[in-house]
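Here are the chains, one letter per residue:
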Amino acid sequence: MILDKVNSPEDLKRLSLEELLLLAEEIRSEIIRVTAQNGGHLASSLGAVELVLALHRVFDSPRDRILFDVGHQAYAHKLVTGRKDRFHTLRKEGGISGFTKVSESPHDAITAGHASTSLANALGMVLARDLMGRQTFTEFFFFLMTGREATAQQRFFLDLLLVAIAEHGLTP
């Protein structure tokens, strides 16, 4: 299995396209297997597998920040960021969280639960980084949730982020 050889995002950079596609299938199977036993949010994680693999292959996590708006989109992320050996403990007492959790991995940029947290967090991180004059990270990517309530909140924080960039010369 290809998943057995993946212990960090760096390992993804050495895989061929064919191997990445096989890895995506293996990750889906593992997500289905574990969530069938432990419960969890299946569809959002299954839908994000290839995107997670692509982001981790192209960007340099944890230096580049990947923010998940809804933490349960991150099951594939957990599997390729050093937690595959504990993935069977997902959502169990003493196990890994069903959401992203900063204390669990340096690859988790934020502790996220449900809906519309990534843009507000991104705004805060960009402002703090630039106000402190530090280049602590280079890129952001965030997964956005869909839904009427989430969309209104996302629009509000995206507007704030864009205003901060335009008015203060900040760089996202």
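Structure's up top.
Quick look at the structure, then. (Residues numbered from 1 in each chain as written. Predicted model: local features only at pLDDT ≥ 70, side-chain atom pairs only at ≥ 80, totals over all residues. Heavy atoms only, no water.)

Let us look at helix α2 (residues 17-38). Taking 1.5 Å of rise per residue, 22 residues should cover 32 Å, and α2 covers 31 Å from first to last C-alpha, within 8% of that figure. Where α2 is concerned, the buried positions are L20, L23, A24, E26, I27, E30, I31, V34, T35 and N38. Looking at the buried residues of α2, the elements they touch are α1 (9-12), α3 (42-47), α4 (49-58) and α5 (75-80). One or two steps after α2, the chain reaches G39, where phi turns positive at roughly 85°. (Helix = DSSP H or I, 4+ residues; strand = E, 2+ residues; numbered from the N terminus. Expected span 1.5 Å × (residues − 1). Buried < 20%, exposed > 50% of the residue type's maximum accessible area, 1.4 Å probe, protein only. Contact = heavy atoms within 4.5 Å.)

Attention now moves to the side chain of T100. Counting through the fold element by element, T100 comes out in the loop between α5 and α6 (118-131). Using a relative accessible area of 3% as the deciding quantity, one classes T100 as buried. Within the structure, T100 has its side chain in polar contact with the backbone oxygen of I110 (distance 2.9 Å). For T100, the contacting residues outside a window of four places in its chain are F68, G71, A74, H77, K78, D108, I110, T111 and A112. (Polar contact = N/O pair within 3.5 Å; in protein donor to acceptor, adjacent residues only side chain to side chain.)

At a minimum axis separation of 10 Å, α2 and α4 run at an interaxial angle of 125°. Classed by the angle they form, the pair α2 and α4 counts as oblique. For the crossing formed where α2 meets α4, the hand is right-handed. Contacts between α2 and α4 involve L20, L23, A24, I27, R28 and I31 from the former and V49, E50, L53 and R57 from the latter. Residue composition of the contact of α2 with α4, grouped by class: seven nonpolar, no polar and three charged. (Axes fitted to C-alpha atoms, helices over the stretch in contact; angles between N-to-C directions. Parallel < 35°, antiparallel > 145°, perpendicular 65-115°, else oblique. Left-handed = near helix turned anticlockwise from the far one by under 90°. Nonpolar A, V, L, I, M, F, W, Y, C, P; charged D, E, K, R; others polar.)

Our focus in this paragraph is the environment of G95. Looking at the element boundaries, G95 is found in the loop between α5 and α6. Judged by relative accessible area, which is 23%, G95 ranks as partly exposed. In this structure, G95 is in contact with R86 and T89, ignoring residues within four places of it in sequence.

Considering the arrangement of structural elements, one finds S29 in helix α2. Given the relative accessible area of 48%, S29 is considered partly exposed. Separated by 17 residues in the primary sequence, S29 and L46 have C-alpha atoms spaced 9.3 Å apart.

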